[in-house]
Amino acid sequence: MTRKNIPVCLCCDLNYLRYACVTLASVAYTSSEPVDFYILHSGISKELQNIVVNWMKSRFPKDSLTFLDISRQLSLINVKQVRHFNALVFGRYFIPQLLPGAHKAIYLDSDTIVLDDIAALGGAALGGAALGGIYEYWQDNNDWGEKIKNDLEYLNLSETHKYFSSGVLLLDCDKWRQENITQRLLDLYQKYREITQYPDQDPLNKLFENNYKELDAKFNVTEQTIISYKGTELLDLKNAVVVRHFAGDNKPWNQVYLYSDANGKDCSDNFNDWWFFAGMTPFYDAISNDFLEKQMKDFKSYEIPRLIGLSRANTICQEEFVSSVRSSRSCRYVLFGFVPLLKIKTKKNGKKVIYKLFGSLPVLSIKRKRNRSVYLLFGLLPLLSVMRK
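Residues numbered from 1 in each chain as written. Predicted model: local features only at pLDDT ≥ 70, side-chain atom pairs only at ≥ 80, totals over all residues. Heavy atoms only, no water.

Across its full length, the protein chain holds 14 helices and 15 strands. Each of the 389 residues in the protein chain was classed as buried or not, and the buried ones make up 49%. Put simply, of all contacts in the protein chain between residues at least 6 apart along the chain, 66% involve residues at least 24 apart. For the protein chain, the accessible surface area stands at approximately 19300 Å², while carbon and sulfur atoms represent 51% of it. (Helix = DSSP H or I, 4+ residues; strand = E, 2+ residues; numbered from the N terminus. Buried < 20%, exposed > 50% of the residue type's maximum accessible area, 1.4 Å probe, protein only. Contact = heavy atoms within 4.5 Å. Areas by Shrake-Rupley, 256 points an atom, 1.4 Å probe, with all protein chains shown as cover.)

Right, here's the structure in full:
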């Protein structure tokens, strides 16, 4: 680190590198000052690192990017696999040791985007605390939040403690080093290793019980945050978002997901923001192709059967269905007996099948050759090519 900027750190492996780059692009695009980025990783090849570093130099020349391999540090932790969490979640613990010249550091999960200058987070006052975090709003909203509260009973946290997310953090690195916080967190993890459901987040909350600086919600706005706010407070929050965190299953790269806030208004606009920044990265084509493939699979597996009132278990296999309609050449599904929903038309003795939504919009076509089937979106965009043995 050659400049006096507050460093921005992320942790990711090969699978999440493409999404981490979206986070990087969003920070760099919205920042008024140069940013020093650090990706803490394990197993990302030098070749791929160079591709990302060269992209950063070309696209955001005022910023710097450094990859830090933390395989050695992670190898010292006896990690128990819990759901989707792996050893890399502990990378944030090591930031003060990895950046010995840093006084403060920002940590961001790789499923975040930054919509306003990150300097607002970096400049937040910690009031003497070693850590700044943002309250987890899911605890107040639904049955899942109640379940998590029950899961946390083993921590024996004070009722006055506000459990915070580890997805966005502001660290006082000097205090971390002085107070040996990294090792204390690792010791706490080993203590709760067999029962923790949130391997990195639980030790943080236990160690910083009633002893962290609660930062404004705008620095870690999740789906549950939006649901929690109401009226003018909700509008003010939406206008003030600095960090949007796509925590949970609803990721912009996985699905077109529309949900409503407490006022019944659509809250999915930040999905479009995510795709805006994704378009700046070297992985955009791969991300968009994966997204389209998943959408078509979901449409075929879930939406069509749901709309025509069929359960997934009773959905006819496409190959068998095409064979059954070859003689009639087309098949139509209607709602309420008159609203055209789906038309499936076969041509050339079953060698071409066209799916038309509402009877006219060709959303999917299938061309069959001797040993493979080619799936085309809107009749033009290749989605899949399936070989048949």
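Here the focus is the confidence of the model for the protein chain. Of the residues in the protein chain, 77% reach a pLDDT of 70 or more, and the chain-wide mean stands at 83. Segment residues 310-328 is flagged for pLDDT under 50; beyond a separation of four residues in sequence, or across chains, it makes 25 contacts in the model. (pLDDT = per-residue confidence, 0-100.)

To continue, consider the pattern of salt bridges. Side chains that differ in charge, positive against negative, can pair when their charged atoms come close. Going through the model one piece at a time under the given rule, you end up with nine salt bridges. Salt-bridge contacts for K62 lead to D63; the nearest nitrogen and oxygen are separated by 3.2 Å. The partner of K206 in a salt bridge is E209, and the shortest N-O contact between them spans 3.6 Å. Among the residues examined, E209 registers a relative accessible area of 22% and is labelled partly exposed. (Salt bridge = Lys/Arg side-chain N within 4 Å of Asp/Glu carboxyl O.)

Structurally, D290 is set in helix α13 (residues 284-307). According to the relative accessible area criterion, D290 is partly exposed, its value standing at 40%. Separated by 36 residues in the primary sequence, D290 and N254 place their C-alpha atoms 8.4 Å from one another.

Relative to the helices and strands, H161 is located in the loop between α6 (143-151) and β7 (164-172). The exposure class assigned to H161 is buried, which follows from its relative accessible area of 9%. A polar contact of 3.0 Å, which involves the side chain of H161, links it to the backbone nitrogen of N210. For H161, the residues in contact, after removing those within four places along its chain, are N205, F208, E209, N210 and Y212. (Polar contact = N/O pair within 3.5 Å; in protein donor to acceptor, adjacent residues only side chain to side chain.)

This paragraph deals with the packing of aromatic side chains. When we look at a pair of aromatic rings, we describe it by the centre distance and by the angle of the planes. For the structure on display, the rule yields 20 aromatic pairs. Look at Y16 and W253: their rings are 5.8 Å apart centre to centre, the planes differ by 85°, and that puts the pair in the edge-to-face class. Of this pair, Y16 sits in the loop between β1 (8-12) and α1 (17-30) while W253 sits in the loop between β9 (243-245) and α12 (269-278), and the two are 237 residues apart along the sequence. With a centroid separation of 5.0 Å and 75° between ring planes, the pair formed by Y135 and Y137 is classed as edge-to-face. (Phe/Tyr/Trp six-rings, centres within 6.5 Å; stacked < 30°, edge-to-face > 60°.)

Let us look at the pairing of strand β3 (residues 64-69). Here six bridges tie strand β2 (residues 36-41) to β3, and the two strands are oriented parallel to one another. Paired with Y38 across the strands is T66, a residue of β3. For the segment spanning β2, helix α2 (residues 46-59) and β3, crossover handedness is right-handed. (Pairing = 2+ DSSP bridges. Right-handed = clockwise from strand over helix to strand, strands pointing away.)

Before going further, it helps to spend a moment on unusual backbone geometry. The backbone phi angle of N156 is positive, close to 55°, even though this residue is not glycine. Positionally, N156 belongs in the loop between α6 and β7. In this structure, N210 is a non-glycine residue whose phi angle is positive, near 55°. Mapped onto the elements, N210 comes out in the loop between α9 (201-207) and β8 (213-214). Since its relative accessible area comes to 44%, N210 is described here as partly exposed.

Below, the discussion takes up the sheet that holds β3. A sheet is described by the order of its strands in space; here seven strands give the open sequence β3-β2-β1-β4-β7-β6-β8, paired in mixed fashion. This sheet does not close on itself; its edge strands, each paired only once, are β3 and β8. As judged from the five bridges shared by strand β4 (residues 104-108) and β7, these two strands associate in the antiparallel manner. From the neighbouring strand, I106 faces β7, where its bridge partner is L170.

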